[in-house]
Amino acid sequence: MVEDKENVANGEQVSKKGAKKQAKAAKKAEQKAENASAAAANNAGGDSAEDHAAGRYGLSEMIQSKDKRSERNFVPVHELSGQVGKADLVWVRGRVHTSRAKGKQCFLILRQQSSTVQCILAVGDVISKQMVKFAGNIPKESIIDIQAKPVAVSSKIESCTEQSLELCVEQIFVISQAKAQLPLQIEDASRPENADDVDGLNIRVNQDTRLDNRVLDLRTPANQAIFRLEAGVCRLFRDILTDQGFTEIHTPKIISAASEGGANVFTVSYFKDSAYLAQSPQLYKQMAIAADFDKVYTVGAVFRAEDSNTHRHLTEFVGLDLEMAFKYHYHEVLHTIGNTFTAIFKGLRDKYAREIESVGQQYKVDAFKFLEPPLILQFAEGVAMLREAGVETGDEEDLSTPNEKLLGRLVKAKYDTDFYILDKFPLAIRPFYTMPDPNNPVYSNSYDMFMRGEEILSGAQRIHDPEYLMERAKHHGIDTSKIAAYIESFRYGCPPHAGGGIGMERVVMLYLGLDNIRKTSMFPRDPKRLTP
Amino acid sequence: MCDVATVQKIAHCLGVNPGKVQLNEEQVVTRISGQKKSSVAGFATILESLAQESKSETAQNSKASREVEAQVYQWIEFSVLYVAPGSKDKHVSKQLLADFNKLFASKSYLVGHFITLADLAVYYAIYDLVKSLSPVDKEAYLNLSRWFDHLQNRPDIHQGEPLLNFTTIYLHGWATGTHI
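Reading the values: rules and limits
Residues numbered from 1 in each chain as written. Chains lettered and ligands numbered in written order. Predicted model: local features only at pLDDT ≥ 70, side-chain atom pairs only at ≥ 80, totals over all residues. Heavy atoms only, no water. Helix = DSSP H or I, 4+ residues; strand = E, 2+ residues; numbered from the N terminus. Buried < 20%, exposed > 50% of the residue type's maximum accessible area, 1.4 Å probe, protein only. Contact = heavy atoms within 4.5 Å. Areas by Shrake-Rupley, 256 points an atom, 1.4 Å probe, with all protein chains shown as cover. Rg over C-alpha atoms; globule rule 2.2 N^0.38 Å. Lys, Arg positive; Asp, Glu negative; His and termini not counted. Charge placed at Lys NZ, Arg CZ, Asp CG, Glu CD. Phe/Tyr/Trp six-rings, centres within 6.5 Å; stacked < 30°, edge-to-face > 60°. Lys NZ or Arg CZ within 6 Å of the ring centre and 35° of its normal. Pairing = 2+ DSSP bridges. Axes fitted to C-alpha atoms, helices over the stretch in contact; angles between N-to-C directions. UniProt positions renumbered as here; feature names shortened; annotations may be inferred. Disulfide = S-S within 2.5 Å. Domains from an automatic or database assignment. Buried area = accessible area lost by both parts, 1.4 Å probe. Core = buried A, V, L, I, M, F, W, Y, C linked by side-chain atoms within 4.5 Å. Salt bridge = Lys/Arg side-chain N within 4 Å of Asp/Glu carboxyl O.

Let us now look at the overall build of chain B. A count of helical and extended segments in chain B gives nine helices and three strands. Scored against the burial criterion, the 180 residues of chain B give a buried share of 47%. Long-range contacts, defined as pairs at least 24 residues apart, comprise 59% of the intrachain contacts of chain B with a sequence gap of at least 6. When the accessible surface of chain B is totalled, it reaches about 9,500 Å², and 53% of it is carbon and sulfur.

Written as structure tokens, this is what we have:
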């Protein structure tokens, strides 16, 4: 087999089996050429006939902002049903989803983000045979402009989102032609994962292929919906907090010292020195509170150099963080955060129902259940529930991932909620700046919040007294000279404060019940992926 | 598994006085019982002799028909030769659990629709293995767990010992959980 290897034009080495395959492909190409020439011979008669539709179709010249063409009335696809019977001719720009020419007719499905509509070209007074042939040969995903008349149909068109009408095309121009061979088919990428349907097509696009060709993958209706929902989460976060008197701030991402602990931090070269990429905006949020901003939130990138290749870890993600000064008890903040979540869930449920349904066409989406006011359990109660179920875990032991998930299910079974808060975590497992519980030295004023059994927020009351902070840092064996600047910010009077941070991608993933965080990150970054 | 303790437990189950149970010179479990002090050696044989003396439901079921008797005997042999030693091996035990789980998907008992010695033999053979499973594992082998929980709740079987915790296998109805 080794002797038979030969280099082919495209640089691939071919074995005996490959050579056979090539011979087969060559034979196929030969036959195709034969058929083409035969067809050409047939059409020779037709081509020489006059093309009465000339000028109404073709490849448009590259749009370099030459003409304004403001007289053309473009209508979005999802508004077309309102145009039936009203306007005579409308212009629509969209992508060729599929196009099938058969004899004297061509059926073309035009796609605009999540909407699809059927377009039909039939040889007649307006349309010529050459025009139908042209339409049938436009490569998939090409961007086209069509001028057409929206016409009502007698029977519903099941395969499109616009089911009650079709467009009778009069003019068709290609604005941007796509390559003929696509690395993945949008249809395949949009196909639902239906394990039960044995007869259905089983072609899937695997995650790596999708992520390598993200530009194509993002065009699927489910992805369009996911990222619009993600934008909704950010918008709701901002609106809800702004309504409660929060101010948005932006914190630096290039910092001089690792904030959360040395291990998982990216180093960057900074002129002649080096600096780090921020693991969280923690330090700066607190400084903003000390600077009298009272209630702040920030939306920005978070960088964690964790070499974890799991379904829920990214090296770069978007953090939605908030910090709030309070009067006497950190529960003032805890309830604010909890209620913010409730409001976000309600907003998503009410204003983004269409997007949720769109995602549900491809992925199984279980409706997200939550209680109002949100459920708050004590850490000790959670441990008791786990022990009742036969899990052995210590009083001060952190919850392992399987235990977290099991607890999530126990809570769901008992209280019927996918979102809950666990309050009063053991002090031993929290960072040094966490305020201990005044009544019980084992615990701390810290909390975690969970969605579908996975942690999405970790927060606490922070120590705002510089002397106490030094004491706790020493207790944790931290060199106080390294955090001198941090401690300094509390020396000029600082109100008691608490806060927390959530990962935007994780929240969207868990809200929809998706199985991988890369589905909710537009261009994900993980230990193995740096492009696109 | 073919040890003294198991034989005694099964004897209790069947409501029979085990007599004197010990390992003989060849390390084979032996039972000396009755006025005649007759000795019986070998786990399966001992079980048979216990069953003959027993009036319990389990024993009666095991003799329901010749086919049932034969199947019960096969299961007892299987549990001694394969299940008991296999359950101590990391890889074999996984296979065992998976196989039993598949079997119990459509059956409530090993032989027929009633409890027999076969169930007892297998139960005691895998007891330690099942005891070591985490709640997630117990759920992974849902059918096996169901059968085990059903058996262990019979007083003649658990004999006053604490029950193993299977509460999470009933969660399936309310909270399936994602990404497990």
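This is not the end of the story, as more comes after the structure.
Turning our eyes to something else, we now look at the overall build of chain A. Each helix and strand in chain A was counted, giving 14 helices and 19 strands. On C-alpha atoms alone, chain A measures out to a radius of gyration of 30 Å, which is more than a quarter above the 24 Å that the 2.2 N^0.38 rule sets for 532 residues. C-alpha extents for chain A along the principal axes are approximately 95 × 70 × 55 Å. A total of 532 residues make up chain A; the buried ones form 46% of that total. For chain A, contacts bridging at least 24 residues in sequence account for 68% of all contacts bridging at least 6. With the model as given, the accessible surface of chain A reaches about 27,700 Å², and the carbon-plus-sulfur share is 50%. Of the charged side chains in chain A, 67 are positive and 72 negative, and the gap between their average positions amounts to 6 Å.

Under the defined criterion, the tally for this structure stands at 28 aromatic pairs over all chains. Look at Tyr 330 of chain A and Tyr 447 of chain A: their rings are 6.1 Å apart centre to centre, the planes differ by 5°, and that puts the pair in the stacked class. Taken together, the positions of Tyr 330 of chain A in the loop between β14 (316-325) and α8 (331-351) and Tyr 447 of chain A in strand β17 (residues 446-451) put the pair 117 residues apart, joining distant regions of the chain. Overall, Tyr 330 of chain A belongs to the buried group, its relative accessible area being 2%. Here a set of aromatic residues connected by ring pairs shows up, and it is made of Trp 75, Phe 78, Tyr 82, Phe 100, Phe 104, Tyr 123, Tyr 124, Tyr 127, Trp 147, Phe 148 and Phe 166 of chain B. When the ring centre of Phe 425 of chain A is taken as reference, the NZ or CZ atom of Arg 430 of chain A above it lies at 4.3 Å. Over the face of the ring belonging to Phe 166 of chain B we find Lys 138 of chain B, whose NZ or CZ atom lies 5.2 Å from the ring centre.

All names here are of chain B. Judged by pairing direction, the sheet is antiparallel, and its three strands sit side by side in the order β1-β2-β3 without closing on themselves. For this open sheet the edge positions go to β1 (20-23) and β3 (38-41), each flanked by a neighbour on one side alone. Averaged over all pairs of adjacent strands, the angle between strand axes in this sheet comes to 25°, irrespective of strand direction. Summarising the sheet, strand β2 (residues 29-33) and β3 pair through four bridges and their orientation is antiparallel. Residue pairing in the sheet places Thr 30 in a bridge with Ala 41 of β3.

Attention shifts here to the UniProt feature "domain: GST C-terminal" (unreviewed entry) in chain B. As recorded in UniProt, the sites labelled "domain: GST C-terminal" (unreviewed entry) are residues 45-169 of chain B. A helix fraction of 69% and a strand fraction of 0% characterise residues 45-169 of chain B, whose end C-alpha atoms lie 36 Å from each other.

Overall, the coordinates contain zero disulfides over all chains when judged by the stated rule. Of all cysteine sulfurs, the one in Cys 119 of chain A lies closest to Cys 106 of chain A, which takes part in no disulfide; the gap is 9.1 Å.

Once that is clear, we can look at the domain arrangement of chain A. Residues and elements named next belong to chain A. Taken domain by domain, chain A holds domain 1 (57-62 + 70-176), domain 2 (186-217) and domain 3 (221-520). Averaged C-alpha coordinates put domain 2 and domain 3 at centres separated by 33 Å. Facing 10 residues of domain 2, the contacting portion of domain 3 comprises nine residues. The junction of domain 2 with domain 3 conceals about 700 Å² of combined surface from both sides, 39% of it contributed by carbon and sulfur atoms.

To continue, consider the environment of Val 21 of chain B. Residues and elements named next belong to chain B. Mapped onto the fold, Val 21 is located in strand β1. Here Val 21 falls in the buried class, since its relative accessible area comes to 10%. Linking Val 21 and Val 7, residues 14 residues apart in sequence, is a C-alpha distance of 7.7 Å. Those residues in contact with Val 21 that lie beyond four places of it in its chain are Val 4, Val 7, Gln 8, Val 29, Thr 30 and Arg 31.

Ranked by internal contacts, the top residues of the largest apolar core, which has 54 residues, are Phe 341, Phe 419, Tyr 447, Met 449, Met 451, Tyr 511 and Leu 512 of chain A. Examining the composition of this core, we find that 11 residues originate from one element, helix α6 (residues 221-243) of chain A, more than from any other. If near-sequence neighbours (up to four positions away) are discounted, Met 449 of chain A is found in contact with Leu 334, Ile 337, Gly 338, Phe 341, Phe 419, Tyr 420, Ile 421, Glu 454, Glu 455, Ile 456 and Leu 457 of chain A. Counting residues in each nonpolar core, the second largest holds 52 residues, with Ala 11, Ala 44, Ala 121 and Tyr 127 of chain B among its members.

All names here are of chain A. Ordered in space as β9-β13-β14-β19-β18-β17-β16-β15, the eight strands form an open sheet in which the pairing is mixed. Both edges of this open sheet fall to β9 (247-248) and β15 (375-378), since each of them pairs with a single strand only. Note: strand β16 (residues 419-423) against β17, five bridges, orientation antiparallel. In the sheet register, Ile 421 faces β17, and the bridge partner there is Met 449.

So, about the pattern of salt bridges. All names here are of chain A. Applying the stated criterion to the full structure yields 33 salt bridges over all chains. Note that Lys 346 and Glu 372 form a salt bridge whose closest N and O atoms lie 2.9 Å from each other. Taken together, the residues span a long stretch of sequence, with Lys 346 in helix α8 and Glu 372 in the loop between α9 (353-362) and β15 at a distance of 26 residues. In this structure Lys 346 comes out as partly exposed when scored by relative accessible area, which is 28%. For the salt bridge of Lys 424 with Asp 437, the shortest nitrogen-to-oxygen distance reads 3.4 Å. With Lys 424 in the loop between β16 and β17 and Asp 437 in the loop between β16 and β17, this pair connects stretches of sequence that are 13 residues apart. According to the relative accessible area criterion, Lys 424 is buried, its value standing at 16%.

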